Amino acid sequence: MNKRPKLNDDAVIALVSNELAINVADWIGSTDDIDQIESDLKKALKYSSLDGYDLAKRLDYYDPDTELVNILDEADSMMYSAYNIICRKWVSDNGLVGPEIGASVSFTFYGKRIEGEVVNNYDYGQSSVFCESLGHVREGFGTHSVVVNWDDLTEVAK
């Protein structure tokens, strides 16, 4: 099995920069330099936070304004959407299947080994895990679970 993709992997950044480049080109008013815009966005996304203002600062030579900052503010949600797309492909390519709902699992959480119960699976290779030891609640107000990568879970006998 190859390694799980990371949020800042080139494949994720390529998807986002491609989509954002179209919006930035619209803001500029020309698609003539869309390849250069995409290249500039790849660099900015790789080495900055996903905050629109921070991204705009990295593109200062574009003479950014509020409208560009608003366009770039979409990068955050776009990165997570693209990451989930890449992770779904990774799950499929590796033939991964999540643990059974209700399965007892363990994982490392802030340096400690924690046990919990799988309450939901996501097709991008993660599970929601209910952990009484972390103070999770089953209903009402409070934290209900923690999301853990499948490859970080170990099933344990009940």
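About the cut-offs
Residues numbered from 1 in each chain as written. Predicted model: local features only at pLDDT ≥ 70, side-chain atom pairs only at ≥ 80, totals over all residues. Heavy atoms only, no water. Pairing = 2+ DSSP bridges. Helix = DSSP H or I, 4+ residues; strand = E, 2+ residues; numbered from the N terminus. Patch = residues over 30% accessible without salt bridge, like charges linked within 9 Å, V, L, I, M, F, W, Y side chains within 5 Å. Areas by Shrake-Rupley, 256 points an atom, 1.4 Å probe, with all protein chains shown as cover. Salt bridge = Lys/Arg side-chain N within 4 Å of Asp/Glu carboxyl O. Lys, Arg positive; Asp, Glu negative; His and termini not counted. Charge placed at Lys NZ, Arg CZ, Asp CG, Glu CD. Phe/Tyr/Trp six-rings, centres within 6.5 Å; stacked < 30°, edge-to-face > 60°. Buried < 20%, exposed > 50% of the residue type's maximum accessible area, 1.4 Å probe, protein only. Core = buried A, V, L, I, M, F, W, Y, C linked by side-chain atoms within 4.5 Å. Contact = heavy atoms within 4.5 Å.

Asks: An account of the sheet that holds strand β3 (residues 126–130) is requested, with residue identities and associated values reported.
Replies: Spatial ordering of the open sheet is given by β4-β3-β2-β1-β5, a layout of five strands whose pairing is antiparallel. With one partner strand each, in any of the chains shown, β4 (146–149) and β5 (154–155) form the two edges of the open sheet.

Asks: Tell me about a negative patch on the surface, residues and numbers included.
Replies: On the surface, Asp51, Asp73, Glu74 and Asp76 cluster together into a patch of negative charge. Topologically, Asp51 is positioned in the loop between α2 (34–46) and α3 (52–58).

Asks: Outline the packing of aromatic side chains, listing residues and values.
Replies: A full pass over the atoms with the stated rule returns four aromatic pairs. Taken together, a centroid distance of 5.6 Å and an interplanar angle of 10 degrees make the contact between Tyr122 and Tyr124 stacked. The exposure class assigned to Tyr122 is partly exposed, which follows from its relative accessible area of 24%. Overall, Tyr124 belongs to the buried group, its relative accessible area being 18%.

Asks: Can you tell me about the nonpolar core, naming the residues and giving the values?
Replies: Residues Leu20, Val24, Leu41 and Leu72 are the most contacted members of the largest nonpolar core, which totals 29 residues. Among the secondary structure elements, those contributing two or more residues to this core are α1 (10–28), α2, α3, α4 (66–72) and α5 (75–93). The greatest single-element share of this core, amounting to eight residues, is contributed by α1. If we ignore the near neighbours within four places in the chain, the residues touching Val24 are Ile37, Leu41, Tyr62, Leu68, Ile71 and Leu72. With 13 residues, the next largest nonpolar core counts Ala103, Val118, Val129 and Cys131 among its residues.

In short, geometric facts, not functional conclusions.
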